[in-house]
Amino acid sequence: MEDIFDVTGRPPQGWMHAVFEGGPYAEDVGRCIPGPPAPDVIAVPLPGGGEHVYRLWAVGSWSDPEDPIGVYNDTGPTPPPPLSALEKSWLNQRADQ
């Protein structure tokens, strides 16, 4: 993720503000992410290797509903795991019967 904070107070077109609780971006102010809508999960690289996963916890606004803010932490809802190609084929076969 790249810090692209706009000093006018609004994120650039196609981006929105985000607040991160914990992890490598916990103290950042002005961090922006792609959106809206806010992505459900954001994985950020760690300096020593690997990645830290943030999950969307809430979306709100400090003052302007047209300027949403995504709040991310480690206790947000975990998205369901994606289905494998084999599992998708089984579901399609069952639907066809």
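Just so it is clear, the structure is predicted and the values come from calculations on it, not from any experiment. (Residues numbered from 1 in each chain as written. Predicted model: local features only at pLDDT ≥ 70, side-chain atom pairs only at ≥ 80, totals over all residues. Heavy atoms only, no water.)

Trainee: Requested: an account of unusual backbone geometry, with residues and values cited.
Mentor: Gly-35 connects to Pro-36 through a cis peptide bond whose omega is -5°. Residue Pro-36 is joined to Pro-37 through a cis peptide bond whose omega torsion reads 0°.

Trainee: Describe the pairing of strand S1 (residues 15–20), listing the residues and the values that go with them.
Mentor: Relative to strand S2 (residues 32–34), S1 is paired through three bridges, and the arrangement is antiparallel. From the neighbouring strand, His-17 faces S2, where its bridge partner is Cys-32. Where S1 and strand S5 (residues 69–73) come together, four bridges link them in parallel fashion. Each bridged residue has a counterpart across the sheet, and for His-17 the counterpart in S5 is Ile-69. (Pairing = 2+ DSSP bridges. Helix = DSSP H or I, 4+ residues; strand = E, 2+ residues; numbered from the N terminus.)

Trainee: Account for the side chain of Asn-73, with residues named and values stated.
Mentor: Take Asn-73: it is sitting in strand S5. Judged by relative accessible area, Asn-73 falls into the buried class, the value being 6%. Separated by 3.5 Å, the side chains of Asn-73 and Glu-21 make a polar contact. (Buried < 20%, exposed > 50% of the residue type's maximum accessible area, 1.4 Å probe, protein only. Polar contact = N/O pair within 3.5 Å; in protein donor to acceptor, adjacent residues only side chain to side chain.)

Trainee: I'd like a description of the sheet that holds S2, backed by residues and values.
Mentor: If you trace the five strands from one edge of the open sheet to the other, you get S2-S1-S5-S4-S3, paired in mixed fashion. The open sheet has two edge strands with one neighbour each: S2 and strand S3 (41–45). Sheet twist, expressed as the average angle between the axes of neighbouring strands with direction ignored, equals 45°. (Axes fitted to C-alpha atoms, helices over the stretch in contact; angles between N-to-C directions.)

Trainee: An account of the pairing of S5 is needed here, citing residue identities and associated values.
Mentor: As a general feature of sheets, a regular strand has side chains that alternate between the two faces. Among the five residues of S5, five are classified as buried, and the element is accordingly described as predominantly covered. Burial along S5 is two-sided: Ile-69, Val-71 and Asn-73 and Gly-70 and Tyr-72, pointing in opposite directions, are all buried. As paired strands, strand S4 (residues 51–60) and S5 are joined by five bridges and run antiparallel to one another. Bridge pairing links Val-59 to Gly-70 in S5.

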